[in-house]
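This is what each chain is made of:
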Amino acid sequence: MLRQDSMEQLLSLIESLGRQEREYLEDYLAEAPLWLMQSFQIQRLPRGTIFIREEEEVNMIYILVKGVVRAVDHRVLGIAYDYMRFEPIKVFGTMEILLDREIYETTLSTVTDCTLLVISRHKFEKWVRSDRHVLLMEIKSMGNYLLEQAKKERIFLFLQGADRMILLFMRLYEHNQENGICDLRMTRQELSESSGLCVKTVNRSVKAMEEDGYITKKGYTLEINKEQYLKMKEFIADKVANYEKK
């Protein structure tokens, strides 16, 4: 449990968030009892930290308030597949509670330096099962997650090689662009894990995308501007349209 100034630390953290994240978290905790608020721990994890491992016992619940987290599946042909990325505000562990699972269903690690609120499963479950407001918010969040994941998998099912990389870069742009520019400093291994492609295919695909004008290589950074993003978006839309006609 946090020290006596726990509430001040928590309120200060919430106040430091962006408007959208702050309003969502304030709504999420609107009816939280004092004992729950005082039970939160604040954890700051550096980039590349695994904080949940698949098939380990669900004993803690994590609320992402700053940074980016990725979900990795190691069961697909022995390849580490980075199948989803999460941004604040996102709660990890609630799905397992609602589905009565005793183990975590996936591995989660930090993509950037992250700040999370952490609480024991026992205390969180006691609250979420008695608070209709937060329960409905979690059901909505879980439903949106499942719909997004299903849509992503349907598209990935028929995209191969460079086409799959174009979809990946398009999504990275949507999540990371600032003022119409997205600068990516990802290793080939990270791109491999994000796309489910081997490193050799990633290298070949990135080279082809650069030659076709979808991305711009600047040293170790890959840049995507708005024009390039729209070009990728049009390409993927045509691919999906052609697939749906079959």
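Each remark here, short or long, concerns the structure printed above.
All values derive from a computational prediction rather than experimental measurement.

Draft legend 1. A look at helix H7 (residues 161–176). Given a rise of 1.5 Å per residue, 16 residues ought to cover 22 Å, and the 23 Å separating the end C-alpha atoms of H7 matches this to within 8%. Those residues of H7 lying buried are Gly161, Asp163, Arg164, Met165, Ile166, Leu167, Leu168, Phe169, Met170, Leu172 and Tyr173.

Draft legend 2. Quick peek at helix H1 (residues 6–15). Considered for burial, the residues of H1 that qualify are Ser6, Leu10, Leu13 and Ile14. Relative to the axis of H1, the buried residues are bounded by an arc of 100° and lie together on one face. Along H1, the residues that are exposed and aim more than 90 degrees away from the buried face are Glu8 and Glu15. Contacts from the buried residues of H1 go to helix H2 (19–28), helix H3 (34–37), strand S1 (41–45), strand S3 (60–66) and strand S8 (114–120).

Draft legend 3. Seen up close, the environment of Gly48. With respect to the helices, strands and loops of the structure, Gly48 is situated in the loop between S1 and strand S2 (50–52). For Gly48 and Thr112, which are 64 residues apart along the polypeptide, the C-alpha to C-alpha distance reads 7.2 Å.

Draft legend 4. Geometry of the environment of Tyr229. With respect to the element layout, Tyr229 can be found in helix H10 (residues 226–245). For the pair formed by Tyr229 and Phe169, sequence separation is 60 residues and the distance between their alpha carbons is 8.2 Å. Once you skip the residues sitting within four places of it in the chain, Tyr229 turns out to touch Met170, Tyr173, Glu174 and Ile224.

Draft legend 5. Just the pattern of salt bridges, in detail. Counted by the stated rule, this structure contains nine salt bridges. The closest approach of N and O atoms between Arg121 and Glu125, which form a salt bridge, is 3.2 Å. Of this pair, Arg121 and Glu125 both sit in helix H5 (residues 121–128), separated by four residues, roughly a single helical turn. Of the residues examined, Glu125 reaches a relative accessible area of 18% and is grouped as buried. Salt bridges linked by common partners bring Asp100, Glu102, Arg121, Glu125 and Arg129 together as one network.

Draft legend 6. Representation of the sheet that holds strand S9 (residues 181–184) in the model. Reading across from one edge, S9-S11-S10 is the order of the three strands in this open sheet, with antiparallel pairing throughout. Strand pairing shows two members of the sheet lacking a second neighbour, S9 and strand S10 (216–218), which therefore form its edges. Averaged over all neighbouring strand pairs, the angle between strand axes comes to 30°, with direction disregarded. Pairing of S9 with strand S11 (residues 221–225), which is carried by four bridges, proceeds in the antiparallel orientation. Within S11, the position partnered with Ile181 by the bridge is Asn225. Packing against the sheet, H7 makes contact with S9 and S11, and its axis sits at approximately 110° to S9.

Draft legend 7. Representation of unusual backbone geometry within the structure. The amide bond that connects Pro88 to the next residue, Ile89, takes the cis arrangement and shows omega of -5°. A positive phi is found at Glu55, a non-glycine position, where the angle reads about 75°. The residue Glu55 is located in the loop between S2 and S3 in this model. Not every positive phi belongs to a glycine, and Asp100 is a case in point at roughly 55°.

Conventions used here
Residues numbered from 1 in each chain as written. Predicted model: local features only at pLDDT ≥ 70, side-chain atom pairs only at ≥ 80, totals over all residues. Heavy atoms only, no water. Helix = DSSP H or I, 4+ residues; strand = E, 2+ residues; numbered from the N terminus. Expected span 1.5 Å × (residues − 1). Buried < 20%, exposed > 50% of the residue type's maximum accessible area, 1.4 Å probe, protein only. Arc of directions from axis to C-beta. Contact = heavy atoms within 4.5 Å. Salt bridge = Lys/Arg side-chain N within 4 Å of Asp/Glu carboxyl O. Pairing = 2+ DSSP bridges. Axes fitted to C-alpha atoms, helices over the stretch in contact; angles between N-to-C directions.

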